[in-house]
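Descriptive structure summary
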Amino acid sequence: KLLSFQEGCYKPIVFVDQMAIHFELEGNLVHKESDEGRRLMAKQAEVDDGGGVERPDNVAIKAAKREQKLTNQFNFNERASQTLNNTPRVRGPTGYISEVLQLRWLSKKYDLTDFNSGIQKMTCILFSSRMRLISKVVKIIERMVNQNIFDDVAQDFMYFEDASDEFRGEKGTLLPLWTFQYDKAKSLSVTALCWNHKYNDLFAVGLGSHEFTQQGGGMLLFYTLKNPSYPEFIFNTASGVMCLDIHEHLSYLVAVGLYDGCVAVYNLKKKTDQPIYNSRASSGKHTSAVMQVKWQKDDLDSNHNFISVSADGRLVSWTLVKHELVFTEIIKLPVIDTIPDDLKDVIPTVGTSLDFHKQKDYSFLVGTEHGKIHKGSKYYSSKFLEKYDAHFMNVTRVKWNPFHPDVFISCGWDWMVKIWDQTMKSPVFTFELKTSVTDVAWAPYSSTVFAAVTTDGKVHVFDLNINKYEALCQQKVVSKKTKLFNIEFNPVHPIIIVGDDRGHVTSLKLSPNLRKKPKVGDALILCIGLQ
Amino acid sequence: MLDIECAGAEVEETIKRIQSQKGVQGIIIVNAEGIPIKSTLDNSSTVQYAGNVHQLLMKARGMVRDIDPQNDLTFLRVRSKKNEIMIAPDKDYFLIVIQNPTE
């Protein structure tokens, strides 16, 4: 007999000529229906009964024993070897629409008289758990409502041009547009502003504190001009944000430097509140506040990287490799001569500002707390190429001119704004504004226009092509005793945003006199030549 | 799953914000079948708005699609003497906000 797997039973086969028997074994199994089997079973029962006649419970025990499951591997599963089986998926109608249809069918079947209200109640209950489905539409509606409320401001932004500028000679004005504030950021001061290059109405605000004694948490907010009443993105940080930079091409990557020395990278596409990279646990972390971060071009392995300067005097390059930030030390700021030799390693030179050249991006400038500006190159890591004695006090901002390859501007707490040619040791232009200058920015539409903000709440706009000695506009834009800390020009629209120490960001429109584009080739060369 | 739940809370918050904006008289959320789901107005007004807006929306959407089949309606504003009705349609729902802009 052969076991046929196809039919699952033993089948008798006919003796075939070609069959050769390799092995034969007489089995000792007997079919229980056969005569011999019956005889054996009868014998077995006799033996059992014989033993258990006197004690009736014995039979029960014996019977139970016979019933006891044999722990063989065919019908016994030990718990340890069981696998967790997920409950099988019920493939019936699912989803919101089908629930409504089911309800309708149910109500029709059972002839519910209050059909409509029942349906309504159910849909309401079902909907509240699915609110997120209308998130896009709600966003559009919020912007529409805001457009109505701020209609006059929006019209001014688009179309208003101050006609009285013709009669004002060369002076211009700033028209206040929207004010952006977030109530949870009331106690924080604006420390950084950055426009997004891809979406020209989106800008980032970094909030923290400039005071050493008043350090708390920080925030990173993103506002759009289309919705002035509430930020688009909100991120809370453990420590105050000191600086931020948005990547030029990948506008969803934001690098942030914090007061406690950490740098973090946020990805706006992800919905989480946490940064995707954080240098908190990294070994090369800065020991003091990070003052400026700047994104660089992707390195040879196409990894994104950025450079940070910190109050501990180091310039560090951070590379985003898979899931972590890898640091590379670029250079250490030189210690000034007044510090004795034995303390040279201990007392760092606080770097306060950093800017990379627009065309030759290996060349950079670093401003320090002592008022010096150092020019360096990414290719020379041992020393700086040039040192400029710029200010008597802290240098708050240093910026290359976006058009002229040799010109840069610097400002500091010593009330001065100075314009330099990198080949000359002394400044080309010097302006004194009556209080500490906290930020300065070049205009993107002209090589001779720049604006500065001071701690007395004033914005000063200069155009060197028109007037080399005084500002075209000196306007107070915030209420009394509010200090201004940051200013940025929008890359496309004729507006500027300024951040103050109350956590508010004010947007202002430049009047036509401040937006004159130079007709002659490079007007700045002419200016410098004449000086 | 956490971020999906948070999205729902965010939407609720946004709706509350819209409700508190200057001049907003009411918000109605209506599903694709014309049944109002959420409303800050009284029942009769809600039903009235929902029914009428539904018809207008279908007509407007039909018109946009007729002219260019690849196009679709993003939003509709109906400015009247007393107020402005803003309608924004979505795949399964549409939102109606009534605002008095000059208030």
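Residues numbered from 1 in each chain as written. Chains lettered and ligands numbered in written order. Predicted model: local features only at pLDDT ≥ 70, side-chain atom pairs only at ≥ 80, totals over all residues. Heavy atoms only, no water.

Digging into the UniProt feature "repeat: WD" (unreviewed entry) in chain A
Quick reminder of the rule: UniProt positions are given in the numbering used here, feature names are shortened, and annotations may be inferred rather than shown by experiment. Secondary structure follows DSSP: runs of H or I at least 4 residues long count as helices, runs of E at least 2 residues long count as strands, and numbering of each begins at the N terminus.
In the numbering adopted here, UniProt assigns the feature "repeat: WD" (unreviewed entry) to residues 388–421 of chain A. Helix makes up 0% of residues 388–421 of chain A and strand 59%. Its end C-alpha atoms lie 11 Å apart.

A look at the UniProt feature "domain: Roadblock/LAMTOR2" (unreviewed entry) in chain B
Taking the numbering used here, the UniProt-annotated feature "domain: Roadblock/LAMTOR2" (unreviewed entry) corresponds to residues 11–99 of chain B. In residues 11–99 of chain B, helix accounts for 39% and strand for 33%; the two terminal C-alpha atoms are 19 Å from one another.

Considering the interface of chain A and chain B
For the record, the criterion: We call two residues in contact when some of their heavy atoms are within 4.5 Å. Two parts placed together each lose some accessible area under a 1.4 Å probe, and the buried area is that loss summed for both. Each salt bridge in this description consists of a side-chain nitrogen of Lys or Arg and a carboxyl oxygen of Asp or Glu lying within 4 Å of one another. In protein, a polar contact means a hydrogen-donor-capable atom and an acceptor-capable atom, both N or O and within 3.5 Å, with residues adjacent in sequence counting only if both atoms are side-chain atoms; elsewhere, any N or O pair within 3.5 Å suffices.
Taken residue by residue, the interface counts 27 residues in chain A and 35 residues in chain B. Of the roughly 2,900 Å² buried between chain A and chain B, counting both surfaces, carbon and sulfur atoms make up 69%. When the buried surface of chain A facing chain B is broken down by residue, Met131, Met144 and Asn148 of chain A rank first, second and third, together holding 20% of it. Taken together, chain A and chain B are joined by 1 salt bridge. Arg17 of chain B is paired through a salt bridge with Glu142 of chain A; the nearest N and O atoms lie 3.0 Å apart. On the surface where chain A and chain B come into contact, there are 8 residue pairs in polar contact (both at pLDDT 80 or more). Of all the elements in the fold, those that place two or more residues in the side of chain A that touches chain B are helix H3 (96–109), helix H4 (115–128) and helix H5 (135–149) of chain A. Counting residues per element, the side of chain A that touches chain B draws most heavily on H5 of chain A, at 12 residues.

Thoughts on the pairing of strand S1 (residues 24–31) of chain B
Residues and elements named next belong to chain B. Put simply, the rule reads: Think of it in three bands: residues with accessible area under 20% of the maximum for their type are buried, residues over 50% are exposed, and the middle band is partly exposed, with areas taken using a 1.4 Å probe on protein chains only. Between any two strands, pairing holds if DSSP finds at least two bridges.
Burial analysis of S1 places 7 of its 8 residues in the buried class, the great majority of the element. Both S1 and strand S5 (residues 93–99) contribute to a ladder of 7 bridges, which runs antiparallel. Opposite Val30, over in S5, you have Phe94 as the bridge partner. In this sheet, strand S2 (residues 36–39) lies alongside S1 in antiparallel orientation, the contact comprising 3 bridges. Counted as the bridge partner of Ile28 is Ser39 from S2. Here S1 hands over to S2 after 4 residues, with Gly34 in that stretch at a positive phi of 90°.

Some thoughts on the pattern of salt bridges
Residues and elements named next belong to chain B. According to the stated counting rule, one finds 19 salt bridges over all chains in the structure shown. In this structure, Asp72 engages Arg61 in a salt bridge whose closest nitrogen and oxygen atoms are separated by 3.4 Å. Placement of Asp72 in the loop between helix H2 (43–67) and strand S3 (76–79) and of Arg61 in helix H2 is noted, with a sequence separation of 11 residues between them. Overall, the relative accessible area of 34% leaves Asp72 in the partly exposed class.

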